[in-house]
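# Summary of the model geometry
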Amino acid sequence: MAFKLPAQLATPGKLHHHCQFTITSSFNPLSWRRTLSPEPLLSLSTSFPSEKCIGKQLMTCSAMGTAEATGAVNLGPGTPVRPTTILVVGSTGTLGRQIVRRALDEGYDVRCLVRPRPAPADFLRDWGATVVNADLSKPETIPATMVGVHTVIDCATGRPEEPIKTVDWEGKVALIQCAKAMGIQKYVFYSIHNCDKHPEVPLMEIKYCTEKFLQDSGLTHVIIRLCGFMQGLIGQYAVPILEEKSVWGTDAPTRIAYMDTQDIARLSLVALRNEKCNGKLLTFAGPRAWTTQEVITLCERLAGQDANVTTVPVSVLRFTRQLTRCFEWTSDVADRLAFSEVLTSDIVFSVPMTETYSLLGVEQKDIVTLEKYLQDYFTNILKKLKGLKAQSKQSDFYI
């Protein structure tokens, strides 16, 4: 079954062939591509009356394309919005929280879109951010969060228990359409490196099609593709080695240039302020690309002990969730395990960063290397373990 982008945003002939959503590949059609609605989730043609104001209520709009302003919004003359006012979507995630922290440190007025949850994201409030509740799977909850916002930074992804399309496609379509209708002046979207080369992987397909959707929306935007997070390696390799538990290894030649999420946050805000980045697709990669075995060897050296490595053939990885945990957007989701298919060939998740550093005015020496990141982690954790061991001995003495 073929389907297309909402008519308001689709531009015939401009999209990549697999973003036309016509299934032509030899493999079985992916479920999310069979079930996506061809209709727009939110109408962009609706005009928002900038002067209409009823009490202090905020704007709401329905998922069927009707929208009505019930409060002063950042549309039209007379309603200026400070360029330092940003909305971070996905603010409780590995990357999102670093974006929030860095933005606050740099003086931004940060608003965090957070789903209603039993355990409130109090740490965001403690940092100084404003928390607003909304759910990308419920488009009618989105517009009120954008009132008075200049820039949206979108680093959200679906929960493990959710179908990929619910948040990563349908939710993002609604988010982009709302941003357009609400007059958001800049939109930053995080994607995956090489997503355009792997239409057989559902999440990468969705990321690429979302890129095209955003590009055709008319919003001023910056798209940032990422390779991998250093933070994901701690739970995947460092902790199991210290605890003498098994770690998963592979003989696949795939190399990934992991990057510290703090560096990603810093570069993102530089790109946000740089007008030359508007409309660009940037890729952030760490200083060096690493294979799984190289990462394990580095962890062994820094930990001072050997790892109990369980080597898994690439063909078996599709049945396990372990290796995909180094990417926040591929954690523990059955549909996302197709990401392991990428490991069947000699692929490098990295790009030269010279031009990007030059564009952003950043020095390569200021980017944390994986060696330095892991060395700091092991130094700190081993120091704490040594202290705990000393305390244990003191307790034994007095007993």
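So, how was this worked out
Residues numbered from 1 in each chain as written. Predicted model: local features only at pLDDT ≥ 70, side-chain atom pairs only at ≥ 80, totals over all residues. Heavy atoms only, no water. UniProt positions renumbered as here; feature names shortened; annotations may be inferred. Helix = DSSP H or I, 4+ residues; strand = E, 2+ residues; numbered from the N terminus. Buried < 20%, exposed > 50% of the residue type's maximum accessible area, 1.4 Å probe, protein only. Contact = heavy atoms within 4.5 Å. Pairing = 2+ DSSP bridges. Axes fitted to C-alpha atoms, helices over the stretch in contact; angles between N-to-C directions. Parallel < 35°, antiparallel > 145°, perpendicular 65-115°, else oblique. Left-handed = near helix turned anticlockwise from the far one by under 90°. Nonpolar A, V, L, I, M, F, W, Y, C, P; charged D, E, K, R; others polar. Salt bridge = Lys/Arg side-chain N within 4 Å of Asp/Glu carboxyl O. Disulfide = S-S within 2.5 Å. Core = buried A, V, L, I, M, F, W, Y, C linked by side-chain atoms within 4.5 Å. Phe/Tyr/Trp six-rings, centres within 6.5 Å; stacked < 30°, edge-to-face > 60°. Polar contact = N/O pair within 3.5 Å; in protein donor to acceptor, adjacent residues only side chain to side chain.

The protein carries the name NmrA-like domain-containing protein in an unreviewed UniProt entry, which gives Salix dunnii as its organism. The UniProt entry for the protein carries this comment under Subcellular location (unreviewed entry): "Plastid".

### Focus: the overall build of the protein
Broken down by element type, the protein carries ten helices and 13 strands. The proportion of buried residues among the 399 residues of the protein is 53%. In the protein, of all internal contacts separated by at least 6 residues, the share reaching a separation of at least 24 is 75%.

### Let's talk about the environment of serine 137
With respect to the secondary-structure elements, serine 137 resides in the loop between β5 (130–133) and β6 (151–154). When the C-alpha positions of serine 137 and threonine 166 are compared, they lie 6.1 Å apart, and in sequence the two are 29 residues distant.

### Brief notes about unusual backbone geometry
For asparagine 194, which is not glycine, the phi torsion reads 70° and is therefore positive. Tracing the chain through its elements places asparagine 194 in the loop between β7 (186–192) and α5 (202–215). Taking relative accessible area as the criterion, asparagine 194 reaches 5% and is therefore assigned buried. We note that glutamate 244 has phi near 60°; this positive angle belongs to a residue other than glycine. With relative accessibility at 65%, the residue glutamate 244 sits in the exposed group.

### Here's the deal with the environment of alanine 121
One can find alanine 121 in the loop between β4 (109–114) and α3 (122–127). Not counting residues up to four positions away in its chain, the partners in contact with alanine 121 are Thr92, Val114 and Val131.

### A look at the sheet that holds strand β11 (residues 281–284)
Strand pairing in a sheet relies on backbone hydrogen bonds. The paired strands run either parallel or antiparallel. Pairing within the open sheet is parallel, and its seven strands lie in the order β5-β4-β3-β6-β7-β8-β11. A single partner strand is all that each edge strand has here, and the edge strands are β5 and β11. Averaged over all neighbouring strand pairs, the angle between strand axes comes to 25°, with direction disregarded. Note: β6 against β7, four bridges, orientation parallel. Note that in β7 the partner of isoleucine 153 across the bridge is valine 188.

### Here we look at the packing of helix α2 (residues 96–105) against helix α7 (residues 261–273)
Look at α2 against α7: their axes get within 9 Å of each other, and the N-to-C directions meet at 55°. With respect to their mutual orientation, α2 and α7 come out oblique. In this structure, α2 crosses over α7, and the sense of that crossing is right-handed. Counting all contacts with α2, which are made through Gln98, Ile99, Arg102 and Ala103, the residues of α7 involved are Thr261, Gln262, Ala265, Arg266, Ser268 and Leu269. Grouping the constituent residues of the contact of α2 with α7 by class yields four nonpolar, four polar and two charged.

### What to know about the pattern of salt bridges
On inspection of all chains with the given rule, the structure shows 17 salt bridges. Arginine 266 is the salt-bridge partner of aspartate 263, the closest N and O atoms lying 3.3 Å from each other. Of this pair, aspartate 263 and arginine 266 both sit in helix α7, three residues apart, which is roughly one turn of that helix. On the basis of relative accessibility, which here comes to 5%, the residue aspartate 263 falls in the buried class. Judged by its relative accessible area of 17%, arginine 266 is buried. In this structure, arginine 288 engages glutamate 371 in a salt bridge whose closest nitrogen and oxygen atoms are separated by 3.9 Å. Of this pair, arginine 288 sits in the loop between β11 and α8 (292–303) while glutamate 371 is found in helix α10 (residues 370–398), placing the two residues 83 residues apart along the sequence. Members of the salt-bridge network, linked through shared partners, are Arg255, Arg288, Glu294 and Glu371.

### A word on the state of the cysteines
A covalent bond between the sulfur atoms of two cysteines is what we call a disulfide. If you walk through the whole model with that rule in mind, you get zero disulfides. Unpaired in this structure, cysteine 112 has its nearest cysteine sulfur neighbour in cysteine 155, at a distance of 9.3 Å. Cysteine 112 sits in the buried class, given a relative accessible area of 0%.

### Topic: the nonpolar core
Counting 104 residues, the largest nonpolar core has Val110, Met146, Tyr187, Tyr190, Phe284, Leu370 and Leu374 as its most contacted members. The leading source of residues in this core is helix α4 (residues 164–181), at nine residues.

### So, the packing of aromatic side chains
For the structure shown, the criterion picks out three aromatic pairs. When the centroid spacing of 6.1 Å and the interplanar angle of 70° are considered together, the rings of tryptophan 169 and phenylalanine 213 count as edge-to-face. Separated by 44 residues along the polypeptide, tryptophan 169 in helix α4 and phenylalanine 213 in helix α5 bring together distant segments of the chain. Note on tryptophan 169: relative accessible area 5%, which makes it buried.

### Side note on the environment of glutamine 305
When you line up the elements, glutamine 305 lands in the loop between α8 and β12 (308–311). Taking the C-alpha atoms as reference points, glutamine 305 and glutamate 244, 61 residues apart in sequence, are found 8.7 Å from one another. Excluding anything up to four places from it in sequence, glutamine 305 contacts Ile241, Leu242, Glu244 and Glu300. A distance of 2.5 Å separates the side chain of glutamine 305 from the backbone oxygen of isoleucine 241, its partner in a polar contact.

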